[in-house]
Amino acid sequence: MKTKFKIIVLLSMAVVASVSVVYLFKLSEEKMRFHNSFTRRFPPHMADQLNSLELKYNSYYFAGAADGKIYLGNTTAPLLVTVLDSSLKVTETYKIGLKTLLPAMNRPQIKVDPPYFYLYEGSIPYIYSGFIYDWKAKIMSNTGYLFSQLQPIEDNKLAVRHSDPLTAENIIGTIDLNDTLNNKLEKKILQKESDGIFETDGILTGDGKKLVYVYYYRNKFVATDGNLTNIHEGKTIDTISNPKLKLIRIKSKNATTFEKMPLLVNRLAAANEGWLFVNSQLMGQKEPEQMWKSSSIIDIYEIETAAYLASIYIDDIADHKIKSIIVIGGNLYAMGEKQITRYKLRRFLAYPRR
Amino acid sequence: MKRKVQIRQHIFNGIATAFILLFCYAATSKIIDFENFQVQLAQSPMLSAFSDELSFAVPISEFLIVILFMIRRYKFTAMFLSFTIMIMFTAYIYMILNYSPYVPCSCGGVLEKLGWKEHMIFNIAFILMAVVAIIIYPQEKLIGTNTITDYEN
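Treat the numbers as computed from the prediction; the structure is a model and nothing was measured.

### Regarding the side chain of S129 of chain A
Residues and elements named next belong to chain A.
- Tracing the backbone through its elements, the reader meets S129 in strand β9 (residues 126-131).
- For S129, a relative accessible area of 5% translates into the label buried.
- Within the structure, the side chain of S129 is placed 3.2 Å from the side chain of N156, a separation counted as a polar contact.
- With residues up to four places along the chain from it excluded, the contact list for S129 reads F117, Y118, K136, A137, K138, M140, N156 and L177.

### Brief notes about the interface of chain B and chain A
- Each partner contributes residues to the interface: chain B has 36 residues there, and chain A has 34 residues.
- Interface area for chain B against chain A, summed over the two sides, is near 3,100 Å², with a carbon-plus-sulfur share of 66%.
- At the junction of chain B with chain A, the criterion picks out 0 salt bridges.
- Taken together, the connections running from chain B to chain A amount to 3 residue pairs in polar contact (both at pLDDT 80 or more).
- Where the side of chain B that touches chain A is concerned, the elements lending two or more residues are α2 (34-43), α3 (51-70), α4 (75-99) and α5 (109-136) of chain B.

### Some remarks on the UniProt feature "transmembrane region" (unreviewed entry) in chain B
- As recorded in UniProt, the feature "transmembrane region" (unreviewed entry) lies at residues 12-32, 54-71, 78-100 and 120-137 of chain B.
- Helix makes up 96% of residues 78-100 of chain B and strand 0%. Its end C-alpha atoms lie 31 Å apart.

### Here's the deal with unusual backbone geometry
All names here are of chain A.
- For the bond from P114 to P115, the omega torsion is 5 degrees, close enough to zero to count as cis.
- Here P115 is to be found in the loop between β7 (109-113) and β8 (116-120).
- At L228, a residue that is not glycine, the phi angle is positive and equals roughly 60 degrees.
- By the secondary structure assignment, L228 is in the loop between β17 (220-225) and β18 (232-235).
- Here L228 falls in the buried class, since its relative accessible area comes to 1%.
- Look at N230: it is not a glycine, yet its phi comes out positive at around 55 degrees.
- Along the chain, the position of N230 falls in the loop between β17 and β18.

Calculation notes
Residues numbered from 1 in each chain as written. Chains lettered and ligands numbered in written order. Predicted model: local features only at pLDDT ≥ 70, side-chain atom pairs only at ≥ 80, totals over all residues. Heavy atoms only, no water. Helix = DSSP H or I, 4+ residues; strand = E, 2+ residues; numbered from the N terminus. Buried < 20%, exposed > 50% of the residue type's maximum accessible area, 1.4 Å probe, protein only. Polar contact = N/O pair within 3.5 Å; in protein donor to acceptor, adjacent residues only side chain to side chain. Contact = heavy atoms within 4.5 Å. Buried area = accessible area lost by both parts, 1.4 Å probe. Salt bridge = Lys/Arg side-chain N within 4 Å of Asp/Glu carboxyl O. UniProt positions renumbered as here; feature names shortened; annotations may be inferred.

Below is the structure:
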C-alpha cells in the first residue's frame, strides 16, 4: 500500500468518523430535547444545595424576587412583608399600609415586582397596588371579573387567570392598572378540550418577559408575551398528553367535582431569564425510586424553544415535599414547611441563552 | 533493508500493544461497572437518546479491535479501526466542550474543563500514534511467506 493511498484512507475515515459522531449528536439532542420518550438526565452540579433559613411559622410564601432580594408574604399576617437577601438573611420587614379600607378579604395575597407591589384576593375583584419604597397600597382596580392567579408583567401591568362569569372556564387576561381600558382577555391561550375548568387548571408564572402557564394534568405548557400575542406551546417530557380526569356532577349541591383523585403531572413551576422550572410528579425511565421518596424532581426547559435541558433533585425538607419554588439570580429557593433552602444553579442558568 | 523493516515492525507492534492495553483497560472498566457506565451515558448531554445501544456497542467494539490486533493478518485493519474509534471519541469530546448545553463532569470550576481538555490531548496523541503506525507499516504479503514485497523507502 502506497503512503499516499494510506493517507487518503486515513483522512476519509477521519471524516466519516467525525461526521457520524456529529450526526449522532444532532439526532440524540433532537430526540432528548424535543421528542423525549421520558428519559430524564441529571448532570452533576446542576443545582448544589447551599444554606437554609429556618422560619418561625409555616405560613410564609414567596411573594416575588428581584434585584438580589426575595420577598415573602405570610398568609396569617397578610399585610406583613419580609425581605431576604440572596443568601437568605432577613434584611427588612414591612407592614403594608392601606389608604383605603380593605373590602371583605379573607386571605389576601401579595405579589412584589419592584418597584410595585400588589395586594389581591381574586375571589373578590379588587387589586391594591403601591410602591415598595413606602409600602402604601391603594385600590387600583375593580375589574368585576373574578380571578384566581396573578402574575406581574411590567409597570402596573398584570396577567391574571380569570374565571369566565358564565361558564367558569379559565381564561388568561391582562389588567393594566394605569388604564383599565387596556385590559384584555385571550381565550386562545388555554386549550379547552372538555370542561375548560378542571382540565385547564394549572400554574401561571413568568420571568418578566414571558408569561408561562403550566398545566396540572397534562404534559404541556403555554408561553406568551406580555401582550398575550405570540402564543406557543411546549411539551413537558412525560407522556400524559390527555388529562386523566374523572368528574362527577353532584346535583343536590349543584357542583362538579373529581370522582377520582386526578393524575397530577406538574405540581409547581417557576420561570427566570428564559428558563422554566417544573416540578413533575411522574417518574421517568431508569430513575432510582429511592430519590422519589426523599426529594422532588424539577425539570428545566428553555421557554423560547420549549427544549428540555436537564433535571435536578430538590431534597425534602423535614420529611415534607417542598411547597413552592422561586428562581432568581442563578439561585433556586425551595420553600419547605418551615424552612427555605437555597440551591446554586449552574452559572449559565442565571442568564438567557445566548 | 531487512533491518529497517524490522525496526518499523517493532514500532508498529509497540503502538499496537499500547492500543491493546488502552482498549482492554477501557472496555473492562466499563463492563466491571456496567450499570454505572450506562447511567453515565444516559446522562451525557449528547448521546443520551442512544445510551442503551452505545453502552453495548462501545465496549464490544473495543474488545473486537483487541482481538483483531492479535490475529496477524488483521492487525493492520485493527490499526485503522483504532484510528477511527479514537477519532470518534475525540469528536465526541470536542462536541461536548463546544456544543453541549453543559459539560458532564463530576468536578467543578476550572478542573471541569481541564479534565476534558487533557483527555482530548491524550486522545490526539493516540491518533497520531495510529497514523505513524499505519504510515510506517511494512506491508507483508498476506498469504504465505514472510517476504516483504510492498513497502517504500
